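Residue-level structure breakdown
Listed below are the residues making up each chain.
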Amino acid sequence: MIAAVDALLKDIRNKRIAPVYLIHGDEPFYLDRIADELEKVAVPVAERGFNQFVLFGKDTDAGAVLNYARRYPFMAERQLVLVKEAQQMSGINDKSAQTLLEDYALNPLSSTILMLCYVKEEGKPGLDERKSWVKAFGAKGKLLGVKKLYDNKIPDWVGEYCREQGAKISPKACQLLADHIGNDLRRMAGEIDKMLINMHVGEEISAATVERLVGISKEYNVFELQKALTQRELVKANQIVDYFGRNPKDNPLVVILAQLFSYFSKVLLVQASKDQSEKGLAPLLGVNPFFVKDYLTAARTFPLPKVVSIIHSIRQADARSKGIDAPSMSESDILRELVFDVLH
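For clarity, every value in this text was computed on a predicted model and none was experimentally measured.

1. Things to note about the UniProt feature "domain: DNA polymerase III delta N-terminal" (unreviewed entry) in the protein chain
Per the UniProt record, the feature "domain: DNA polymerase III delta N-terminal" (unreviewed entry) sits at residues 21–143. Taken end to end, residues 21–143 is 40% helix and 21% strand, and its first and last C-alpha atoms sit 6 Å apart.

Here it is as structure tokens:
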């Protein structure tokens with residue numbers, strides 16, 4: 001997916017521009033990035049006042065969008081019509097509106113660049129690429145779907161984003177950001193940009209930098225909880241749990257459980273692997289080789305049956321967090337009980 005996005009961005013930067021674009025998916029970061037790039041190069045700055053139209057779906061409909069698209073540019077070679085949040089266009093799911101869009105996409109005006117950014121909203125179906133009006137955009141222009149990255153791909157994405165900004169970042173800092181922020185790439189990019197503004201040129205982003213500038217507690221985070229569990233430090237683990245309980249907004253239980261599940265699932269993979277070398281385990285676990293030693297340590301600390309039991313306990317904790325079997329337990333109590341199960 002990222003390769004397809006990069007290819008499209010490269011085409012736009014090189015002014016290999018199509019007459020129609022339909023980009024869609026549940027990762028708004030990339031939709032915004034593509035739209036921003038097209039805005040930069042489609043129409044010269046001096047001509048944008050009359051020839052660049054940025055519309056929002058909730059304020060328009062297919063007919064109005066196409067009225068803009070069918071007009072000729074004012075004393076210029078071309079114009080741009082960009083529709084953000086196109087999924088909110090009035091009547092976008094009606095056959096009549098889709099027919100209008102299909103007819104235009106198959107016969108676009110050569111002097112107009114039309115881009116629709118269609119965001120998949122949570123709990124609602126995304127864009128169906130099998131529909132004829134969607135296919136029409138692909139036939140005459142560019143059709144691209146972008147999905148949210150899986151959690152295990154986020155550290156690599158962080159590293160690549162930093163490299164694009166000309167910055168260095170340590171593997172631990174990548175993982176810390178991934179664990180703290182998750183796969184919200186808009187927020188992730190914003191936090192990285194904020195750090196870079198407050199750092200010296202050429203300075204590496206370290207875990208300490210992330211803790212200081214992003215506001216992550218140095219002693220009380222999921223990294224430290226995993227470390228305390230692996231080293232069987234009961235007091236330290238409970239101190240972290242108490243901190244999480246006092247700061248639930250910054251440390252939601254659902255995120256903590258997901259990270260612990262991922263951690264111990266990887267420990268299970270280590271125990272099942274014949275290749276116990278750091279080089280061999282890194283691609284299997286999908287982590288930077290820097291972190292493999294942590295999983296090897298955990299695999300030595302917890303025998304295979306215990307790891308299976310821990311994963312079962314995490315699943316039970318997740319069920320309790322949703323009100324199953326233990327509707328009256330607080331998030332702090334659920335996590336404290338899980339820690340007890342892990343260490344006993």
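2. Overview of helix α16 (residues 304–321)
In this model α16 runs 26 Å from its N-terminal to its C-terminal C-alpha over 18 residues, within 8% of the 26 Å that 1.5 Å per residue would give. For α16, every residue scored as buried is listed here: K306, V307, I310, I311, S313, I314, A317 and A319. Elements in contact with the buried residues of α16: α13 (253–272) and α17 (331–343). Phi turns positive, to about 85°, at G323, one or two residues after α16.

3. Considerations on the sheet that holds strand β3 (residues 79–84)
Spatially, β2-β3-β4-β1-β5 is the arrangement adopted by the five strands of the open sheet, whose pairing is parallel. Strands with a single pairing partner mark the edges of an open sheet, and in this sheet they are β2 (52–56) and β5 (142–146). Direction aside, neighbouring strands of the sheet carry axes that sit 10° apart on average. Here helix α1 (residues 2–13) sits on the sheet in contact with β1 (20–25) and β5, set at roughly 140° to β5. Each of β1, β4 (112–119) and β5 touches helix α6 (residues 132–140); the most contacted strand, β1, lies at about 125° to it.

4. Structural notes on the side chain of N251
Its location among the elements puts N251 in the loop between α12 (234–246) and α13. A polar contact of 3.0 Å, which involves the side chain of N251, links it to the backbone oxygen of N247.

5. Some remarks on the pattern of salt bridges
The tally for this structure, following the rule as stated, stands at 16 salt bridges. For R16, the salt bridge goes to D11, with nearest N and O atoms at 2.7 Å. The partner of D32 in a salt bridge is R186, with the nearest N and O atoms 2.6 Å apart. A residue pair is termed long-range when its members are at least 10 positions apart, and D32 in helix α2 (residues 28–42) and R186 in helix α9 (residues 185–197) qualify at 154 residues. Residue R186 is classed as partly exposed on the basis of its relative accessible area of 44%. By sharing partners, the salt bridges in this structure join D11, R16 and K142 into a single network.

6. Description of unusual backbone geometry
With the exception of glycine, the majority of residues adopt a negative phi angle, and the majority of peptide bonds are in the trans configuration. A positive phi angle, close to 50°, is found at E85, a residue other than glycine. Mapping E85 onto the fold places it in the loop between β3 and α5 (95–106). Owing to a relative accessible area of 32%, E85 belongs among the partly exposed residues under this scheme. Backbone geometry places R232, a non-glycine residue, at a positive phi of 55°. Examined against the element boundaries, R232 turns out to sit in the loop between α11 (222–230) and α12. Judged by its relative accessible area of 42%, R232 is partly exposed.

Conventions used here
Residues numbered from 1 in each chain as written. Predicted model: local features only at pLDDT ≥ 70, side-chain atom pairs only at ≥ 80, totals over all residues. Heavy atoms only, no water. UniProt positions renumbered as here; feature names shortened; annotations may be inferred. Helix = DSSP H or I, 4+ residues; strand = E, 2+ residues; numbered from the N terminus. Expected span 1.5 Å × (residues − 1). Buried < 20%, exposed > 50% of the residue type's maximum accessible area, 1.4 Å probe, protein only. Contact = heavy atoms within 4.5 Å. Pairing = 2+ DSSP bridges. Axes fitted to C-alpha atoms, helices over the stretch in contact; angles between N-to-C directions. Polar contact = N/O pair within 3.5 Å; in protein donor to acceptor, adjacent residues only side chain to side chain. Salt bridge = Lys/Arg side-chain N within 4 Å of Asp/Glu carboxyl O.

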